[in-house]
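A look at the structure
Spelled out from the first residue to the last, the chains are:
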Amino acid sequence: MSMLTPPGMGGKYRVTGTAYPRMSRKRSRRRIVLGVLGSVLALALVGYGALQLIDVFQGDGPKRNTAAGAKDCPTKSPEAAAKGGAPAAASAASAPARPAVVLPQPGTITVNVYNATPRAGLAKAVGDELAKRGFVIGSVGNAPADFDKKVPGTGILLGSPTTDKAVYAVLGTQLPGTTQQTDARETADVDLILGDAFKELSTKEDADKALALLANPVPAPAKNC
C-alpha cells in the first residue's frame, strides 16, 4: 500500500503513482447556452443605450430639421441652384391671373343714409361725403323705429333680397364692419343705417385701394420650396 493511500481505503480506491483523481461536476450544456444568450442580449442593450445617448448629446441633426407632416420639396438640380431660384420665379410668373371682377360704379348705387345714434346731423354729414365719392344719395334722416337706437355696431346695409352682393361690397369699402340685411322692398336702393360704433367713413384713399382689390383679386402665391 502506498503511503498516499488513506487508512482504510484500499483496493480500488488505492491511489498509486503521481496522478490524483479529480472529482469535478460536469457543466450542463443548457446552462452554457443560456449564459451565452444572456451575454449577447446584455451587449445589445448596452449598445442601443449608447446610441440613444449619442443622439441626445448631438442635438438636432439634418434629418431632424424636417417638420413633422411637412411635404418634401423636389431637390433642385445643380443648374437650377446656380441660377439662384430662377425656376421658382418662373413658376410664379406663369401662374394664371384671376380675371378682373366687374363692380357696379358708385354712380349706379342709390344710398339712403339713416342715423340710428343720438348724434345729431350724422346722417347728413355721411351722405354729403358719399355724394363727393360718386354715390347717389336718396333719403337722409333718422333711422326708422325698428332700428333707432338699436344698432350697436358700425352700421347695417339694408336692401331687397334681389340686391346684387357686389353693391354691398362696394358700399362696404366706404364703411368696413357693416352687416347686411334684407327687407320686403322691390327697389334697387340700399339703406345705410349708422350704428353706435360708427366713428367715420374710411378715407377715400383706403376705400379706393379696397375697391381696386375687389376688382383685381390677388392670386394665391405659389408654394416656394
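Attention here is on the structure that accompanies the text. Everything quoted here is computed from the prediction, not taken from an experiment.

**Concerning the environment of Asn 112**
Relative to the assigned elements, Asn 112 resides in strand β1 (residues 110-115). What makes Asn 112 buried here is its relative accessible area of 5%. Taking C-alpha positions, Asn 112 is 8.7 Å from Val 136, a pair spaced 24 residues apart along the chain. Residues in contact with Asn 112, not counting those within four places in the same chain, are Gly 138, Ser 139, Arg 185, Asp 189, Val 190, Asp 191 and Leu 192. For Asn 112, the side chain forms a polar contact with the side chain of Asp 191, separated by 2.8 Å.

**Some details on the nonpolar core**
If you look at the biggest cluster of nonpolar residues, it comprises 23 residues, and the most contacted ones within it are Val 111, Val 126, Leu 130, Leu 192 and Leu 194. When residues of this core are assigned to their parent elements, the largest contribution, five residues, is made by helix α5 (residues 165-172). In this structure, Val 111 is in contact with Leu 130, Phe 135, Val 136, Ile 137, Gly 138, Ser 139, Leu 171, Val 190 and Leu 192, ignoring residues within four places of it in sequence. In this structure, Tyr 114, Ala 116, Phe 147 and Ile 156 belong to the second largest nonpolar core, which totals eight residues.

**Here we look at the pattern of salt bridges**
Evaluated as defined, the whole model comprises seven salt bridges. The salt bridge involving Lys 149 is made with Asp 148; its shortest N-O contact spans 3.0 Å. With a relative accessible area of 25%, Asp 148 lands in the partly exposed category. A salt bridge links Arg 185 to Asp 191, with the nearest nitrogen and oxygen atoms 2.5 Å apart. For Arg 185, a relative accessible area of 16% puts it in the buried group. Taking the relative accessible area as the measure of exposure, Asp 191 reaches 8% and is therefore buried. Linked by salt bridges that have partners in common, Asp 183, Arg 185, Asp 189 and Asp 191 make up one network.

**Description of helix α4 (residues 122-132)**
For α4, the full list of buried residues reads Leu 122, Ala 123, Val 126, Gly 127 and Leu 130. The arc that holds the buried residues of α4, viewed along the axis, is 125 degrees, so those residues lie on one side. Facing away from the buried side of α4 by more than 90 degrees, the exposed set consists of Lys 124 and Lys 132. The inward-facing, buried residues of α4 contact β1, β2 (136-142) and β5 (190-194).

**Examining the environment of Ala 125**
Along the chain, Ala 125 falls in helix α4. Taking relative accessible area as the criterion, Ala 125 reaches 46% and is therefore assigned partly exposed. Each C-alpha atom, one on Ala 125 and one on Val 140, is 9.7 Å from the other, the two residues being 15 residues apart in sequence.

**Considering helix α6 (residues 204-215)**
Here α6 is 12 residues long and its end C-alpha atoms lie 16 Å apart, about the 16 Å a rise of 1.5 Å per residue gives. Turning to α6, its buried residues are Ala 207, Leu 211 and Ala 215. Buried residues of α6 fall within an arc of 75 degrees about the axis and therefore sit on the same side. Facing away from the buried side of α6 by over 90 degrees, the exposed positions are Glu 205, Lys 209 and Leu 213. As for α6, its buried residues are in contact with α5.

The rules behind the values
- Residues numbered from 1 in each chain as written.
- Predicted model: local features only at pLDDT ≥ 70, side-chain atom pairs only at ≥ 80, totals over all residues.
- Heavy atoms only, no water.
- Helix = DSSP H or I, 4+ residues; strand = E, 2+ residues; numbered from the N terminus.
- Buried < 20%, exposed > 50% of the residue type's maximum accessible area, 1.4 Å probe, protein only.
- Contact = heavy atoms within 4.5 Å.
- Polar contact = N/O pair within 3.5 Å; in protein donor to acceptor, adjacent residues only side chain to side chain.
- Core = buried A, V, L, I, M, F, W, Y, C linked by side-chain atoms within 4.5 Å.
- Salt bridge = Lys/Arg side-chain N within 4 Å of Asp/Glu carboxyl O.
- Arc of directions from axis to C-beta.
- Expected span 1.5 Å × (residues − 1).

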